[in-house]
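Survey of secondary and tertiary structure
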Amino acid sequence: MPATVILRSRRAKPFFSRHPWIYAGAIAQVQGQPTDGDEVEVFSHGGHFIARGLYNSRSRVRVRLYCWEMNQPLDMAFWRHRLQQAIQLRREVLHLLGPGKACRLVFSEGDGLSGLTVDWYDGWVVMQFTGLGLALRREIFTTLLVELLQPRGILLRTEKSIAPLEGLELTEGVLWGDTPKEPVAIEEDGVVFLVDLLGGQKTGFYLDQRDNRRAVRRYAKGRRVLDAFCYTGGFALHAAHAGAIEVIGVDSSSSAIQLAQCNAQRNHLVQVRFVEAEVFRFLEEQARNRQRYDLIILDPPKFAHRQSAVENALKGYRRLLALSLLLLEPGGILVTCCCSGLITMDMLEELSNQAATKARRQVQILERHYQPPDHPIAVACRESSYLKCLIKRLCC
Ligand code: SAH
């Protein structure tokens, strides 16, 4: 019999609505002695069954919930079904699994698998765990992914900042099959990217910006482009491929810049140049030198990891926007992205308004975008919505 977790009175509503995170503060009592990673049954204070989940005394998220059926254990068949549903979305609905393609196969809460991310890169699978319960079941997931996908190899990556919060002790590397000998080539809307699955950031590539890169392509023709925070050249190479006359990509990571340069060569895009630099300083210098661009993309890393960091994050955005408005020609396009869930689209738009007012410029919003459908948002867990992208035009 699994241990039982009883919630405090009046704390059960979000969990009946299928929110998957139970924080310690919502728990009245634990009956039995679950060890970390064990399956538990969760009941309301009034004794009604709510859901089954996995327990972790080391995390603020004391229980992650996976199943709301009374008699369904969290066994191999259950996990297989969840994975099958996730794979079916990408394969049959979104058609993202063809040769040379890359996509997110499992998006944690968005796919009912809180704590697990799985990415697909042309036959290679990269897993990342952000919860202990599923991390302890990594052999089950490896077996199931081999069965369902017949990959070339399955690799494990761990996000350093999350591991201590969950008590994760995982070694990165190959879990099953072959080791990629060199960066893996994937294709996105006609542009080939080399992806370093074991050494790159996250799982190697920012798959979540695929649709936003496609949206930006439409504005690139004939323009001078600046891609700030370019990583391996995502927006920059798409802009060049779509007809930009000159493109500069800037990033502080030397390995990312090296791969960006290889990517430019591989695609024969000679009008692109990559610079290793700190973006704030680079923009300041460009402003001093009176450089001008017709299209600027700002895709910074997550500035706000927790509520207390939001104010500083907003300051960073204000500075980036102010500098960009100095560098942009009238009629120019400004693309601002934000991957901090704590900063909403409304906040991003208000920042644009403040920056335009301060610079005495007129700015229009042309397009609002979010994350692509292989990063689905669970309606019960709005925290799974995190990416925003605004395409704006500087009128004068
Ligand atoms: N636009 C990219 C993804 C950007 S991710 C794409 O489409 O693939 C954010 C990038 O910002 C990372 O590559 C990171 O190395 C870089 N970065 C973080 N802080 C930086 C800074 N202060 N200056 C320059 N680059 C920075």
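Residues numbered from 1 in each chain as written. Predicted model: local features only at pLDDT ≥ 70, side-chain atom pairs only at ≥ 80, totals over all residues. Heavy atoms only, no water.

**What to know about the overall build of the protein chain**
For the protein chain, the helix and strand inventory stands at 11 helices and 20 strands. Relative to its length of 396 residues, the protein chain is compact, with a C-alpha radius of gyration of 23 Å against a globular reference of 21 Å. Dimensions of the protein chain along its principal axes, counting C-alpha atoms only, are 70 × 45 × 35 Å. Looking at the 396 residues of the protein chain, the share that counts as buried comes to 56%. Summed over its atoms, the accessible surface of the protein chain is roughly 17,900 Å², and 49% of this surface lies on carbon and sulfur atoms. A gap of 6 Å separates the mean positions of the 50 positive and 42 negative side-chain charges of the protein chain. (Helix = DSSP H or I, 4+ residues; strand = E, 2+ residues; numbered from the N terminus. Rg over C-alpha atoms; globule rule 2.2 N^0.38 Å. Buried < 20%, exposed > 50% of the residue type's maximum accessible area, 1.4 Å probe, protein only. Areas by Shrake-Rupley, 256 points an atom, 1.4 Å probe, with all protein chains shown as cover. Lys, Arg positive; Asp, Glu negative; His and termini not counted. Charge placed at Lys NZ, Arg CZ, Asp CG, Glu CD.)

**Focus: the sheet that holds strand 2 (residues 21–23)**
Strands pair in a sheet through their backbones, by hydrogen bonds, and they do so in one of two ways: parallel or antiparallel. In spatial order, the strands read 2-6-5-4-1-3; together these 6 strands make up an open sheet with mixed pairing. A single partner strand is all that each edge strand has here, and the edge strands are strand 2 and strand 3 (27–31). Mean inter-strand twist for the sheet, computed between neighbouring axes without regard to direction, equals 35°. Pairing between strand 2 and strand 6 (residues 61–67): 3 bridges, direction antiparallel. (Pairing = 2+ DSSP bridges. Axes fitted to C-alpha atoms, helices over the stretch in contact; angles between N-to-C directions.)

**Brief notes about the site of the ligand**
The ligand sits among 16 residues. The nearest are Arg213, Asp251, Glu278, Val279 and Asp299. Interatomic distance of 2.9 Å between a backbone N/O atom of Val279 and a nitrogen atom of the ligand. Here the ligand loses 89% of its free accessible area of 580 Å² to cover by the protein chains. Across the shell around the ligand, the residue classes break down as 8 nonpolar, 4 polar and 4 charged. (Near = heavy atom within 4 Å. Polar contact = N/O pair within 3.5 Å; in protein donor to acceptor, adjacent residues only side chain to side chain. Nonpolar A, V, L, I, M, F, W, Y, C, P; charged D, E, K, R; others polar.)

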